[in-house]
Amino acid sequence: MSAPLASFDYDLFVIGGGSGGVRAARIASSEYGAKVAMAEEYRMGGTCVIRGCVPKKLMVFAAGHGQSMDEGAAYGWQVEKGRFDWMAFRHKLDAELNRLESIYTRNAESAGVTIYHQRATIAGAHEVKLADGRVVTTKHILIATGGTPFIPEPYRNVGAWTSNEVFLADKLPANLLVMGGGFIACEMAEIYQGLGTQVTQMYRGAQILRGFDADLQEHVAAALVQQGVALEVNTDLVSLEKLEDGRFRAKDNQGRDRIFEAVLFATGRTPNTKGLGLEEAGVTMGKGGEVIVDDYSQTNIPSIFAVGDVTDRIQLTPVAIREGHAFADTVFGGKTTKVDHTNVPSAVFTRPEAGTVGLTEAEAAKEHDIDVYLASFRPMQTSFIGAETKAMFKLVVDQASGRVLGCHIVAPGAGELIQIAGVAVKMGATKADFDATIAVHPTMSEELVLMKKPTRSVSRQG
Ligand code: NDP
C-alpha cells in the first residue's frame, strides 16, 4: 500500500466521474490506500449511466414491448395496443437515473474518494484548478472526461438533438430524421420506430455500420427496413433549418425537401478535451483532440494519465472500466497491467440485435486463408407468424490453424450470445471445438455448432 505523500494534497485526482474514472478512483483508494479526489461537472455516472447505454437500453426494452404485443396478437392473443406514453416512461427513467447516480456517488465516497461536484482543469503536471478557484496539488492526474456528440459544422446551432437530448425530450415526435449509420443512429432509429415514431435514417455511405462484417451490416440494414425505418443510403443533408413552429426543414442531395418534427444527429463523438488545460500542460493530443497514451494509459507527461473515450481507443464502457482498473493496479498496486484491446465483443441493440467479436471476413482475409461459415434463416419464433426478418450466425475461420477469428451474430438476444461466444474466441477456440460441442435444441444459436461445410473459402488478399 502506498502511503499518501505529504507534499501533495492527493495521490490521485481524477477528472470525470464516468465509468472509467470511478473504477480507477475506487480501486486506487479502497484497494491500494491512495488518497483520491475526483471532479465531475455534470452528473456522477457519466455518459453510459446518465445519457448513453443505460437509458438507451431501457428505451430498447420499451420499444420491444410494442413488438411483443404485435407478435402476441399474431400468435392468437387478443391484444389492444394503445399509444406509447412517453412521459410516463420518462418519469420512471428520470427516477431510475437519479437512483443510479446516487449509487455511483455513494460507491465512490464509501471507497474513500472525495468528490468535487464542479469542473476541474489541469493547471500543471501536478496541479488541478477547480471552478470555484481552488487549486489542489496531486501526485497523479487521471483524465477520464469521456466524449461529446459531434454535429457537422453547418448544422451545429440549428437546435437538432444529439444523443444527449433524446432522453430529455418532453414528447415523442411523430416523425424523426436520424443522421448517421453508426451504433447510435441504428439503435435510435429502431427504438423510435418501435415506439411509434416514423423514422427516416439518412446515411452518407453505401452501407450502414461501417467497419462491421459485411453480412452483419446487410442483415441489420434489412431488419431496419422491415421494422419500417425509411433507410436512405448514399444520402446527405445539404441544408437544415428550424422553422418558426419548431419543426425542421431538411433538404438532401437527392433533391428531397421535407419537414421533420425532430432531427437527431448521431454522427460520431469527439473526445472531451476542450479547455481542459492539456495543451498548456504539454500533453500530446491527436488530430481529433484525443489524449495520446501508451499501453499503460500514461501520457507523455509522466504524472498525467487518461482512460476511456477521451483516448479514443475503443469507445465502449467496459473497455474504459478495464483501462481504469489497469491504471490503478499499475500505478498504485505495483501490478503492471496492460489492457488487451483485441477480440473485444460488442453489440448493437437493434431489433434483432447484432453482436460481434474478432475479425470481420474482410479483415481476416487480409492476413489469412479463411473459411466462412454462414447460416441465415428466419427464426422459428417469428417465421411462425410470417415475419421476414432473418437471423444470422457467422464464423470466420483460419484455414491453417482452424482457429475462429471472428464471430458475428444478428438475432434476438445477440448481445447476450456474443458475450459467451466472445469467451470462446478469446480463448482461441477452433472450429473443431465448436463442432465438438453438442447443440442446444431447439435454439437459434445451435447453428454455431452445426455449420459443417464452409459457405465459402477466401484466399488471403495480397
Ligand atoms: P459512430 O462512429 O459509430 O458512427 C458515426 C456515424 O456518423 C457514421 O455512420 C459516420 O459515417 C457518420 N458521420 C460522421 N461524420 C459525419 C458527417 N460529417 N456527415 C454525415 N455523417 C457523418 O458513432 P456513434 O455516434 O454512433 O457512436 C459513438 C461511439 O459510441 C461508437 O463508436 C461506439 O463505440 C459507442 N457506442 C456503443 C454502443 C454499444 O456498444 N451498443 C451504443 C452507442 C454508442 P461514416 O461511416 O461514413 O464515417
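Structure first, text after, so check above.
Numbering of residues starts from 1 in every chain and runs along the sequence as written. For this predicted model, a pLDDT threshold of at least 70 governs which residues receive local features, and a threshold of 80 or more governs which side-chain atom pairs are given and counted, while totals over whole chains, interfaces and linings are taken from all residues. The side-chain numbers reported here are obtained from all heavy atoms of the structure, hydrogens and water having been left aside.

Asker: Before we go on, may I ask you to explain the overall build of the protein chain in this structure?
Answerer: Secondary structure elements are defined from DSSP: runs of H or I of at least 4 residues count as helices, runs of E of at least 2 residues count as strands, and each element is numbered from the N terminus. Helix and strand counts for the protein chain stand at 14 helices and 22 strands. For a compact globule the rule gives 2.2 Å times the number of residues to the power 0.38, and the radius of gyration it is set against comes from C-alpha atoms. The C-alpha atoms of the protein chain give a radius of gyration of 24 Å, which matches the 23 Å a tight globule of 462 residues would have. Taken over the C-alpha atoms alone, the protein chain extends approximately 70 × 65 × 45 Å along its principal axes. Here the protein chain holds 462 residues, and the buried ones make up 49% of them. Across the protein chain, the fraction of contacts at a sequence separation of at least 24, relative to all contacts at a separation of at least 6, is 63%. The method behind every accessible area is Shrake-Rupley, applied with a 1.4 Å probe, and residues are considered shielded solely by the protein chains displayed. Accessible area of the protein chain: about 21,400 Å², with a carbon and sulfur share of 52%. Positive charges are assigned to Lys and Arg, negative charges to Asp and Glu, while His and the chain termini are left out of the count. Lys charges are placed at NZ, Arg charges at CZ, Asp charges at CG and Glu charges at CD. Between the centroid of the 46 positive side chains of the protein chain and the centroid of its 54 negative side chains there is a distance of 1 Å. Per-residue accessibility, obtained with a 1.4 Å probe over protein chains only, is compared with the maximum for each type, and a residue is labelled buried under 20%, exposed over 50%, and partly exposed between these values. Throughout, a residue-residue contact means that at least one pair of heavy atoms, one from each residue, lies within 4.5 Å.

Asker: What is the right way to read the site of the ligand from this model?
Answerer: Taken together, 20 residues lie near the ligand, and G181, Y203, R210, Q315 and A347 sit nearest. What qualifies as a polar contact is a pair of N or O atoms within 3.5 Å, subject to a donor-acceptor requirement within protein and to the restriction that residues adjacent in sequence count only when both atoms come from side chains. In the environment of the ligand, an oxygen atom lies 2.8 Å from a nitrogen or oxygen atom belonging to the backbone of G181. Between R204 and the ligand, the recorded distance is 2.9 Å, taken from a side-chain N or O atom to an oxygen atom. Bound to the protein, the ligand loses 78% of the 900 Å² it would expose on its own. Note that Gly is not counted as nonpolar here; it falls among the polar residues with everything else outside the nonpolar set of Ala, Val, Leu, Ile, Met, Phe, Trp, Tyr, Cys and Pro and the charged set of Asp, Glu, Lys and Arg. Of the residues in the shell around the ligand, the class split is nine nonpolar, six polar and five charged. Throughout, near means a residue has at least one heavy atom within 4 Å of the molecule or strand.

Asker: Sorry if this is basic, but what is going on with the pairing of strand β20 (residues 391-398) here?
Answerer: Each regular strand carries side chains that alternate between the two faces of the sheet. For β20, the buried fraction is high: eight of the eight residues fall into the buried class. The alternating pattern of β20 places A391, F393, L395 and V397 on one face and M392, K394, V396 and D398 on the opposite face, and all of these are buried. A strand pair is defined by DSSP finding two or more bridges across the two strands. Bridge analysis of β20 against strand β21 (residues 404-411) gives six bridges, and the strand direction is antiparallel. The residue bridging K394 from the neighbouring strand is H408, located in β21. Counting the residues between successive antiparallel strands, the hairpin from β20 to β21 contains five residues, one of them, G402, with a positive phi of roughly 80 degrees.

Asker: Teacher, can you tell me more about the sheet that holds strand β8 (residues 175-179) here?
Answerer: In sheet architecture, strand pairing relies on hydrogen bonds along the backbone and comes in two forms, parallel and antiparallel. Taken in spatial order, the four strands make up an open sheet running β10-β9-β8-β14, and their pairing is parallel. With partners counted over all chains shown, the strands left at the sheet margins are β10 (230-232) and β14 (262-265), one partner each. Strand-to-strand twist in this sheet, taken as the mean axis angle between neighbours without regard to direction, amounts to 15 degrees. Bridge count between β8 and strand β9 (residues 198-202): five bridges; the pairing is parallel. Fitted lines through C-alpha atoms serve as axes, helices being fitted only where they are in contact, and the angles separating the N-to-C directions of these axes extend from 0 to 180 degrees.

Asker: So what exactly am I meant to see when it comes to the side chain of T311 here?
Answerer: Its location among the elements puts T311 in the loop between β16 (304-306) and α9 (317-332). A residue is classified by how much of its surface remains accessible, and T311, at 5% relative accessible area, is buried. Side-chain polar atoms of T311 contact the side chain of R313, separated by 3.0 Å. Look past the residues within four positions of T311 in its chain and what remains in contact with it is E290, V291, V293, A306 and E323.

Shape is all these values report; function is a separate question.
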